[in-house]
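Residue-level listing of the chains:
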Amino acid sequence: MRITLYRRQFSGGRAAVKIVFGLLGLILAVLACVMAAQGDASPVLVGGTASLGLTLLGLSWVLFPVLSGISDDNIQPRHFQLLSVEPRGLARALLSTSAFGIVVPLTTIAAASIPIYALSRSIAAFPLALVAWPATVVLFVSLSRVMTLAMSQLLKSRRSRELALLAFSAIFGGLYFLQFPITQNFGRVLSGEVTWPLTLAHSIPFSWGITSVDAALEGNWLLAVGAVAGLLLIDGVLVWAWQRLVLRLFEGRVSASSGASRKQTTANGRDGATGWRTTRVGAVVTRELSLWRGDMRRRSQLLSALIFAVLGGIGPLVSDSIPFDAAWGAWIVILMAMVAGSNFYGLDGSSMWHLVMIPQALSDDIRGRQIAWLLVAAPFAIVPVLVVRVFGDLGLDRLQIPIAVTISMLGVSAGLTAVNSVCAAYPVPEATKAFSMNTRGSFTGGAFAYFLIGIVLLAVSVLPGLLLALLLPGAFAYLSILVAIAIGWLGMWWGARKAVTTLVRDSDKILNAVISR
């Protein structure tokens, strides 16, 4: 089944995405092995770098499927829930065959840095490293599978999912900030003055294979054997936990996802609209804002924008090394918000057929979705600029630059969200299926290509306003804001026109593409 599904998914744009990321992953994996083989370099540098690399790889296995929704696992236990199969055997089969694909082999190559590091230092440590190598791979894969399945079973209420979203945001942001004290003290780490980064890396189970080799090199065989034994123990616990989670599903102890109550649905469905909300565009805006507020999948799409908004607004006040300073415009935040809003109809799923049946409403639907996206994305783009300006040292210095950048990028991004949602729509899991943060599991090569094109268009659209703000003297520099408004409006208008034209021509194809199967 896995081979059949993988072959079907490995076609067209999806195959292109897998090949590109596979090649990048192969380069990084080989680079990790080459660095581990540097026998002439300092063992502190080589071992510490290998430990940090394995730690980052392990964290990616845990956090990436949750934060992005992209996973290499194409079969879930719930697919077999109605079949008369033996649950324990199924659990073992699902976990063991989940190694099929691209990601696990690449991880195996990267983890080969453990025995390579041992061979480059001492042959005596090689047997332990040879055991730690597959044990580390099993740790990565099993922990990722257990985390994803556990959250799909436990996070059933909207409030629990919100708390999980905030927790993962805090973890991701904390890990990002942690790199700065490490990089700032890198020279002192090499000289031996600062030891806490290496101690931290060696203490995390992801790098216990390297810890075992280092302990063997120092003659501390008790710690060396203990590190490998600890890896095997954790692997055993994770395999047992996976089996128990699958059994819970088959024993009927996992409740269905809870949605809105009948009372909430009735209350939210009352026709109390007045003023602009009674117009066709206003009705779309009201509906979209309600979905951005209530649909956990849509809100989780904004997670990356939220994280970078915090980093860009607060990070520069704490450290000078933050690369995403929002003082001159929160460009990375707008880019992440654009990606979050680039699959309107994929999130609608099969309910899009209502729109297909009323083609005269397409233009109003596109404009309403664009306005709603602007109302959602604007605070993420504006607040970081205000925070870093008010509490930082810049104040009002060259304020026209962030204003022009923000206005032009928001307008053009609104146009791009409409174009991407129509020209590169892809299906996502329904809110009641599995883990509702998982929204990009069907990400296609076409969507990735439009994302790259969007980056280029955003960069080009910013240049006129930015150059005017930099080159014009005195108050004339504020003319860049007018130019940015014109560019933003033009980008939004062009995007809406392109989207409507494509919808009218290919609405049936788009509907077929966004239906979650």
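Residues numbered from 1 in each chain as written. Predicted model: local features only at pLDDT ≥ 70, side-chain atom pairs only at ≥ 80, totals over all residues. Heavy atoms only, no water.

(A) Structural view of the overall build of the protein chain. A tally of helices and strands in the protein chain yields 23 helices and zero strands. The contacts of the protein chain with a sequence gap of at least 6 include a subset with a gap of at least 24, amounting to 81%. (Helix = DSSP H or I, 4+ residues; strand = E, 2+ residues; numbered from the N terminus. Contact = heavy atoms within 4.5 Å.)

(B) Structural view of the nonpolar core. Ranked by size, the top nonpolar core spans 58 residues in total, and within it Tyr345, Ile366, Trp373 and Leu503 carry the most contacts. Broken down by secondary-structure element, the contributors of at least two residues to this core are helix 16 (303–318), helix 17 (331–340), helix 18 (344–348), helix 20 (362–391), helix 21 (400–423), helix 22 (445–471) and helix 23 (479–514). Those residues in contact with Trp373, other than ones at most four positions away along the chain, are Trp292, Ala337, Met338, Gly341, Phe344, Leu410, Ser413, Ala414 and Thr417. Core analysis: the next-biggest nonpolar cluster, separate from the first, contains 43 residues, Leu54, Ala132, Val137 and Val228 among them. (Core = buried A, V, L, I, M, F, W, Y, C linked by side-chain atoms within 4.5 Å. Buried < 20%, exposed > 50% of the residue type's maximum accessible area, 1.4 Å probe, protein only.)

(C) Geometry of a nonpolar patch on the surface. Together, Leu306, Val310, Ile314, Leu317, Val318, Ile382, Leu386, Val390 and Phe391 make up a nonpolar patch on the protein surface, roughly 840 Å² of accessible area in all. Where the nonpolar patch is concerned, the elements lending two or more residues are helix 16 and helix 20. For the nonpolar patch, the element with the highest residue contribution is helix 16, accounting for five residues. Inspection of the secondary structure puts Leu386 in helix 20. (Patch = residues over 30% accessible without salt bridge, like charges linked within 9 Å, V, L, I, M, F, W, Y side chains within 5 Å. Areas by Shrake-Rupley, 256 points an atom, 1.4 Å probe, with all protein chains shown as cover. Salt bridge = Lys/Arg side-chain N within 4 Å of Asp/Glu carboxyl O.)

(D) Structural view of the environment of Trp208. The topology assignment puts Trp208 in helix 11 (residues 208–217). The exposure class of Trp208 is partly exposed, given its relative accessible area of 21%. In this structure, the C-alpha to C-alpha distance between Trp208 and Ile114, residues 94 residues apart in sequence, is 9.5 Å. Setting aside anything within four residues of it in sequence, one finds Trp208 in contact with His202, Ser203, Ala227, Gly230, Leu231 and Ile234. A distance of 3.2 Å separates a polar atom in the side chain of Trp208 from the backbone oxygen of Ser203. (Polar contact = N/O pair within 3.5 Å; in protein donor to acceptor, adjacent residues only side chain to side chain.)

(E) Main features of the confidence of the model for the protein chain. When the pLDDT values of the protein chain are averaged, the result is 79; 77% of them are 70 or greater. Per-residue pLDDT stays below 50 along residues 257–271; that stretch engages in ten contacts with residues further than four places along the chain or on separate chains. Taken as a whole, residues 433–441 scores under 50 in pLDDT and shows 40 contacts with residues more than four places along the chain or in a different chain. (pLDDT = per-residue confidence, 0-100.)

(F) Structural view of the environment of Leu503. Within the fold, Leu503 resides in helix 23. By relative accessible area, which is 0% here, Leu503 ends up buried. In the structure, Leu503 is positioned 141 residues away from Leu362 in sequence and 7.4 Å away in space, judged by C-alpha atoms. With residues near it in sequence (within four places) discarded, Leu503 still touches Tyr345, Met352, Leu362, Ile366, Val422 and Ile510.

(G) Representation of helix 14 (residues 280–294) in the model. With 15 residues, helix 14 should reach 21 Å at 1.5 Å per residue; the first-to-last C-alpha distance of 21 Å fits that figure. Buried within helix 14 we find Gly282, Val284, Val285, Glu288 and Trp292. Each buried residue of helix 14 sits inside an arc of 160° when the element is viewed along its axis, so together they form one side. The exposed residues of helix 14 that point more than 90 degrees off its buried face are Arg280 and Arg293. Those residues of helix 14 that are buried lie in contact with helix 15 (296–301), helix 17, helix 18 and helix 20. (Expected span 1.5 Å × (residues − 1). Arc of directions from axis to C-beta.)

(H) Spotlight on the packing of aromatic side chains. With the rule as written, the count across this model stands at two aromatic pairs. Seen from their ring centres, Trp489 and Trp493 are 6.3 Å apart, and the 10° between their planes marks the pair as stacked. Linking Trp489 with Trp493, this pair stays in helix 23, spanning four residues, or about one helical turn. Residue classification places Trp493 among the partly exposed positions, given a relative accessible area of 40%. The aromatic ring of Trp328 is capped on one face by Arg389, whose charged end is 4.8 Å from the ring centroid. (Phe/Tyr/Trp six-rings, centres within 6.5 Å; stacked < 30°, edge-to-face > 60°. Lys NZ or Arg CZ within 6 Å of the ring centre and 35° of its normal.)

(I) Representation of unusual backbone geometry within the structure. Although it is not a glycine, Arg398 sits at a positive phi angle of roughly 50°. By the secondary structure assignment, Arg398 is in the loop between helix 20 and helix 21. On the basis of relative accessible area, Arg398 is assigned to the partly exposed category, the value being 38%.

(J) Highlighting the pattern of salt bridges. If you walk through the whole model with that rule in mind, you get seven salt bridges. Salt-bridge contacts for Asp365 lead to Arg287; the nearest nitrogen and oxygen are separated by 3.0 Å. In this pair, Asp365 is assigned in helix 20 and Arg287 in helix 14, connecting sequence segments 78 residues apart. Residue class for Asp365 comes out buried when judged on its relative accessible area of 4%.

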